[in-house]
Amino acid sequence: MYLLKFVNQVRRAQGYENLERMPISGDPGCSPLELAMGCRLESGLMRLSTPEAAADVSAATSLPLGLDRVTVALPSSLDAHASSLQDSRSMHGREAQTG
């Protein structure tokens, strides 16, 4: 339940409606969690589309805003998932370059 509560907190901060459940799949290149939260997950961070969205999410979640003003720290419980997504994207990018 914690995950959905956090996702909805992030969504509300960006002006989106609450979800009753997590999406089953996302767009290609986007995880269901990223789709639900409207951000890109990176190791330890969520990257939002605008500085305003990041500031609103930071204020709503009490998580630190990044120095670049478009990232917000992730709760530690989501960092492993975000790190594996970032690693997977890095591996895929290296394969595309060598393939």
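That block above? That's the structure.
Small disclaimer: the values here were computed from a predicted structure and weren't measured.

The rules behind each value
Residues numbered from 1 in each chain as written. Predicted model: local features only at pLDDT ≥ 70, side-chain atom pairs only at ≥ 80, totals over all residues. Heavy atoms only, no water. Helix = DSSP H or I, 4+ residues; strand = E, 2+ residues; numbered from the N terminus. Pairing = 2+ DSSP bridges. Axes fitted to C-alpha atoms, helices over the stretch in contact; angles between N-to-C directions. Contact = heavy atoms within 4.5 Å. Core = buried A, V, L, I, M, F, W, Y, C linked by side-chain atoms within 4.5 Å. Buried < 20%, exposed > 50% of the residue type's maximum accessible area, 1.4 Å probe, protein only. Phe/Tyr/Trp six-rings, centres within 6.5 Å; stacked < 30°, edge-to-face > 60°. Parallel < 35°, antiparallel > 145°, perpendicular 65-115°, else oblique. Left-handed = near helix turned anticlockwise from the far one by under 90°. Nonpolar A, V, L, I, M, F, W, Y, C, P; charged D, E, K, R; others polar.

S.K.: Explain unusual backbone geometry to me, and be specific about the residues and the numbers.
M.R.: Where the residue is not glycine, phi is negative for most of them; where a peptide bond is considered, it is trans in most cases. Phi angles above zero are rare outside glycine, and serine 62 is one such case at about 60°. Of note, the phi angle at arginine 69 is positive, near 70°, even though the residue is not glycine. With respect to the helices and strands, the residue arginine 69 is situated in the loop between helix H3 (51–61) and strand E3 (71–73).

S.K.: Give a detailed account of the sheet that holds E3, specifying residues and quantitative values.
M.R.: Strands sit in the order E1-E2-E3 across an open sheet of 3 strands; the sheet is antiparallel. Sheet topology places strand E1 (40–42) and E3 at the edges, where each strand pairs with a single neighbour. The average undirected angle you get between the axes of adjacent strands in this sheet is 25°. Across 3 bridges, the pairing between E1 and strand E2 (residues 45–47) is antiparallel. Residue leucine 41 lies in a different strand from E2, and its bridge partner there is methionine 46. Sitting on the sheet, H3 is in contact with E2 and E3, with an inclination near 15° to E3.

S.K.: So what's going on with the nonpolar core? Which residues, and what values?
M.R.: In terms of nonpolar packing, the biggest core is built from 20 residues, with Phe6, Met37, Leu41, Met46, Leu48, Val57 and Val72 touching the most fellow members. Taken together, the elements giving at least two residues each to this core come down to helix H1 (2–13), helix H2 (32–37), H3 and helix H4 (76–98). Leaving out residues up to four positions away in the same chain, leucine 48 has contacts with Gln14, Gly38, Cys39, Ala53, Ala54, Val57, Val70 and Val72.

S.K.: Describe in detail the packing of aromatic side chains, supporting the description with residues and values.
M.R.: Counted under the stated rule, the structure contains 1 aromatic pair. Aromatic pair tyrosine 2 and phenylalanine 6: ring centres 6.3 Å apart, planes at 15°, arrangement stacked. Linking tyrosine 2 with phenylalanine 6, this pair stays in helix H1, spanning 4 residues, or about one helical turn. For phenylalanine 6, a relative accessible area of 5% translates into the label buried.

S.K.: Break down the packing of H1 against H3 for me, citing the residues and quoting the values.
M.R.: Two elements in contact, H1 and H3, have axes separated by 8 Å at closest approach and are oriented at 135°. Taken together, the axes of H1 and H3 lie oblique to each other. You can see that H1 and H3 cross each other, and the crossing is right-handed. Where H1 approaches H3, its residues Phe6, Gln9, Val10 and Ala13 are matched on the opposing element by Asp56, Val57, Ala60 and Thr61. The residue inventory of the contact of H1 with H3, partitioned by class, reads 5 nonpolar, 2 polar and 1 charged.

In short, the description is geometric, and any link to function would need to be established separately.
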